[in-house]
Amino acid sequence: MSIYYSGDCSISNLHLSFVCSKSVILKPLEVREKFMNKTTLIIILLVVGLLLVLWLRGGDEATDNGSPDPDNETNGEVQEETEEPEETDDSAMDEDEVRAQLESATVTVPDVDSQVTLEGGEGSFEVDGTVQTEGFAILGDKFQVAEANGETYVLAHMSFNTGGTGTFDYLVSFVQSDAGLEQVDAEILGDSIIVRSLEFNAESEGSMQATVEIYTREEGESISVEPTVEETLEFTITAEGEIETE
């Protein structure tokens, strides 16, 4: 098939041929090549435009999700809050250390001119009298430590038997020294009572307060009766470690 082009054209014999006064022959292959070249160019431009749009959108998302923001102090990074480690006083005695020192402390037995050095929290001693008898001392399970006045104070519950039928419970005070715990004072709590709790409230300077909660008996009850009466005892501990009753 040939196409003839001119200013005036006519169709004859039902053939798809144009007869023109001035003829320029355009072969079908040349037409198709031109059409394909235009189509290819359009497709290339569309692809380039699409890639440009995708690139621009990707840049915006990167800015929103991870790029540093000058107005954001964290610069896009999640800052994890870290807790400062609590400062510990290396000079403070821990519970196990205090217990170990108490279990081997040397104690003056109240009202008896005798001393006893504990072994594993227990010790025995001789009690002078008409008949020499043996007494014993037992460290209780309640004790407290306080740091004040530049010193370390320890209060402990101890039980003493001096050879009679009764076992007397005391609040005993100690002060830490280079040689270990040194006993300062002792104050009676009762006869064969049960110590429920021991609290020791220290201040930075001056005296300190101690509270001891016990189970005791009604006045006149036999020592063989189980102590069930609640009682609270208050004490003041001086800067020297002495125990004063309220």
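Here we summarise the structure given alongside this text. (Residues numbered from 1 in each chain as written. Predicted model: local features only at pLDDT ≥ 70, side-chain atom pairs only at ≥ 80, totals over all residues. Heavy atoms only, no water.)

1. Re the pairing of strand β7 (residues 151-161)
Selection criterion: The cut-offs for exposure are 20% and 50% of the maximum accessible area for each residue type, with area from a 1.4 Å probe on protein chains only; residues under the lower value are buried, those over the upper are exposed, and the others partly exposed. What counts as a helix is a DSSP run of H or I of at least four residues, what counts as a strand is a run of E of at least two, and both are numbered from the N terminus. Strand pairing requires that DSSP identify at least two bridges connecting the strands.
Counting buried residues along β7, ten of its eleven residues qualify, which places the element largely inside the surrounding structure. Note: strand β6 (residues 133-148) against β7, ten bridges, orientation antiparallel. Within the sheet, the bridge partner assigned to I138 lies in β7 and is S159. The antiparallel hairpin formed by β6 and β7 contains two residues in its connecting segment, where N149 sits at a positive phi of about 55 degrees.

2. Focus: the sheet that holds strand β13 (residues 243-245)
Applicable threshold: Here an angle of 0 to 180 degrees is reported between the N-to-C directions of two axes, which are lines fitted to C-alpha atoms, with helices fitted over the stretch in contact.
One open sheet accounts for four strands, arranged β10-β11-β12-β13; its pairing is antiparallel. Lying at the two open borders of the sheet, with one neighbouring strand each, are β10 (194-201) and β13. Here the strands of the sheet are splayed against their neighbours by 30 degrees on average, with no regard to which way each runs.

3. A closer look at the sheet that holds strand β9 (residues 180-191)
Either a parallel or an antiparallel arrangement is found when strands of a sheet pair, and the pairing is made through backbone hydrogen bonds. Read across the sheet, five strands follow the order β5-β6-β7-β8-β9 without closing on themselves; strand pairing throughout is antiparallel. Because the sheet does not close on itself, it has two edges, and the strands there are β5 (122-127) and β9. Pairs of neighbouring strands in the sheet enclose a mean axial angle of 30 degrees, with direction left out of account. As paired strands, β7 and strand β8 (residues 168-177) are joined by eight bridges and run antiparallel to one another. The partner of A156 across the bridge, within β8, is V172.

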